[in-house]
Amino acid sequence: QVQLGESGGGWVQPGGSLRLSCAASVSNYAMGWFRQAPGKEREFVAAISGSGGSTRYADSVKGRFTISRDNAKNTVSLQMNSLKPEDTAVYYCKAGQLIAIVTSGTSGYWGQGTQVSDSS
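Residues numbered from 1 in each chain as written. Predicted model: local features only at pLDDT ≥ 70, side-chain atom pairs only at ≥ 80, totals over all residues. Heavy atoms only, no water.

Peer 1: Is there a simple way to think about the packing of aromatic side chains in this case?
Peer 2: How two aromatic rings sit relative to each other is set out by the distance from centre to centre and by the angle between their planes. All told, the structure shown has 4 aromatic pairs when counted by the stated rule. With a centroid separation of 5.0 Å and an interplanar angle of 70 degrees, the aromatic rings of phenylalanine 34 and tryptophan 110 are classed as edge-to-face. Taken as a pair, phenylalanine 34 in strand β4 (residues 30–36) and tryptophan 110 in strand β10 (residues 109–110) lie far apart in primary sequence, 76 residues in all. Their ring planes at 85 degrees and their centres at 6.5 Å tell us that tyrosine 92 and tryptophan 110 sit as a pair that is edge-to-face. Taken together, the positions of tyrosine 92 in strand β9 (residues 89–96) and tryptophan 110 in strand β10 put the pair 18 residues apart, joining distant regions of the chain. For tryptophan 110, a relative accessible area of 26% corresponds to the partly exposed category. (Phe/Tyr/Trp six-rings, centres within 6.5 Å; stacked < 30°, edge-to-face > 60°. Helix = DSSP H or I, 4+ residues; strand = E, 2+ residues; numbered from the N terminus. Buried < 20%, exposed > 50% of the residue type's maximum accessible area, 1.4 Å probe, protein only.)

Structure representation (structure tokens):
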């Protein structure tokens, strides 16, 4: 059973930065992040391959968010800069054996989520 644990959520002002982390119980899985805002469907944010050599981003976060991983620690991070009010959501970590699984809306393994909120 794959277990994922997110951390790093909190309150942030527009224009600010926040870094989310996800610790996985497995190694070398592709990993990524989704988010779900109130009243909206869960949407893809970013993903990274097991080796870290390939990344994917939603258009809405390109240039502002950066996904990275530390395979020695089985962790993935999401650095979020220039945050906007519309980035407010619960952010979920996801893992899968392939990056294509991670970017899909179903399949894979999910964390419990961490809240990112607009403090303005």
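Peer 1: Explain the sheet that holds strand β7 (residues 65–70) to me, please; I cannot follow it from the model alone.
Peer 2: Each strand in a sheet pairs with its neighbour through backbone hydrogen bonds, running either in the same direction (parallel) or in the opposite one (antiparallel). Spatially, 4 strands are ordered β1-β3-β8-β7 in an open sheet, and the strand pairing comes out antiparallel. On the outer flanks of this sheet lie β1 (4–7) and β7, each paired with one strand and no other. Strand-to-strand twist of the sheet, defined as the mean angle between neighbouring strand axes without regard to direction, takes the value 15 degrees. Here β1 runs beside strand β3 (residues 18–24); their pairing, made up of 4 bridges, is antiparallel. Paired with glycine 5 across the bridge in β3 is alanine 23. (Pairing = 2+ DSSP bridges. Axes fitted to C-alpha atoms, helices over the stretch in contact; angles between N-to-C directions.)

Peer 1: For this particular structure, what's the right way to read the side chain of threonine 114?
Peer 2: Within the element layout of this structure, threonine 114 appears in strand β11 (residues 114–118). Reaching out from threonine 114, the side chain makes a polar contact with the backbone nitrogen of glycine 9 at a distance of 3.2 Å. Discounting residues that sit within four places of it in the chain, threonine 114 has contacts with Glu6, Ser7, Gly8, Gly9, Leu20, Ala89, Val90 and Tyr91. (Polar contact = N/O pair within 3.5 Å; in protein donor to acceptor, adjacent residues only side chain to side chain. Contact = heavy atoms within 4.5 Å.)

Peer 1: Help me understand the nonpolar core, please; the structure alone is not making it clear to me.
Peer 2: Inside soluble globular proteins, nonpolar side chains tend to come together where they are buried. Within the largest apolar cluster, 28 residues are counted, with the highest numbers of intra-cluster contacts made by Trp33, Leu78, Met80 and Tyr91. Those elements that place two or more of their residues in this core are β3, β4, β5 (43–48), β7, β8 (75–80) and β9. Sequence-distant contacts of tyrosine 91, defined by excluding residues within four places in its chain, comprise Glu6, Leu20, Trp33, Phe34, Arg35, Val45, Phe65, Leu78, Met80, Gly113, Thr114 and Val116. (Core = buried A, V, L, I, M, F, W, Y, C linked by side-chain atoms within 4.5 Å.)

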